[in-house]
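Architecture and fold: a report
Residues per chain are reported as follows:
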Amino acid sequence: APEKLSEEDSMAVALGYKAVSTDVDAAKYASHKDDQLCKGCALWQGADAEWGGCSIFPGKLVSANGWCAAYAAKP
Ligand code: SF4
C-alpha cells in the first residue's frame, strides 16, 4: 500500500508540503492561504478520503488537509 508522504521527503521540502495546511511557512509561500487544501486541489485523487494520491507525488499519499506550492484550485 502507498505510504504517507513525509514532510522531510526532498520533493516535499522543495514544494513546502505540509500535512496540515496551516503549518505552511507563510513567509516563504506568500500565495498560500489556510483554506487551500489538498482535497480542493486539481491534482488531488483522494475523493473524500483523509489521505489520497497526488500526481506530483506518485506512489505516496498526501493529506486531505495538506498543501504544497503546486496547489491549483479545482476548476
Ligand atoms: Fe496537495 Fe495539490 Fe500539492 Fe498535491 S499538488 S500535494 S494535492 S496541494
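Everything in this summary refers to the structure shown in the same document. Keep in mind that this is a model prediction, so the values were computed, not measured. (Residues numbered from 1 in each chain as written. Predicted model: local features only at pLDDT ≥ 70, side-chain atom pairs only at ≥ 80, totals over all residues. Heavy atoms only, no water.)

**Some details on unusual backbone geometry**
To be explicit about the condition: Each helix is a run of DSSP H or I of at least 4 residues and each strand a run of E of at least 2, with the numbering of both proceeding from the N terminus. Note on exposure labels: buried denotes an accessible area under 20% of the residue type's maximum, exposed denotes more than 50%, and partly exposed covers the range between, all computed with a 1.4 Å probe on protein chains only.
Of note, the phi angle at Ala 47 is positive, near 50°, even though the residue is not glycine. Mapped onto the secondary structure, Ala 47 falls in the loop between α1 (10-14) and β2 (51-52). Judged by its relative accessible area of 62%, Ala 47 falls in the exposed class.

**Some points on the nonpolar core**
Generally speaking, nonpolar side chains in soluble globular proteins are found buried as a group. We apply this condition: Here, nonpolar core refers to any group of buried Ala, Val, Leu, Ile, Met, Phe, Trp, Tyr and Cys residues whose side-chain atoms link them within 4.5 Å. Should any heavy atoms of two residues lie within 4.5 Å, those residues are counted as being in contact.
Core analysis: the largest hydrophobic core is formed by 12 residues, namely Leu 5, Ala 12, Leu 15, Tyr 17, Ala 19, Cys 38, Trp 44, Cys 54, Phe 57, Val 62, Ala 64 and Cys 68. When near neighbours in sequence (up to four residues on either side) are disregarded, Val 62 contacts Leu 5, Tyr 17, Cys 38, Trp 44, Glu 50, Trp 51, Gly 52, Gly 53, Cys 54 and Phe 57.

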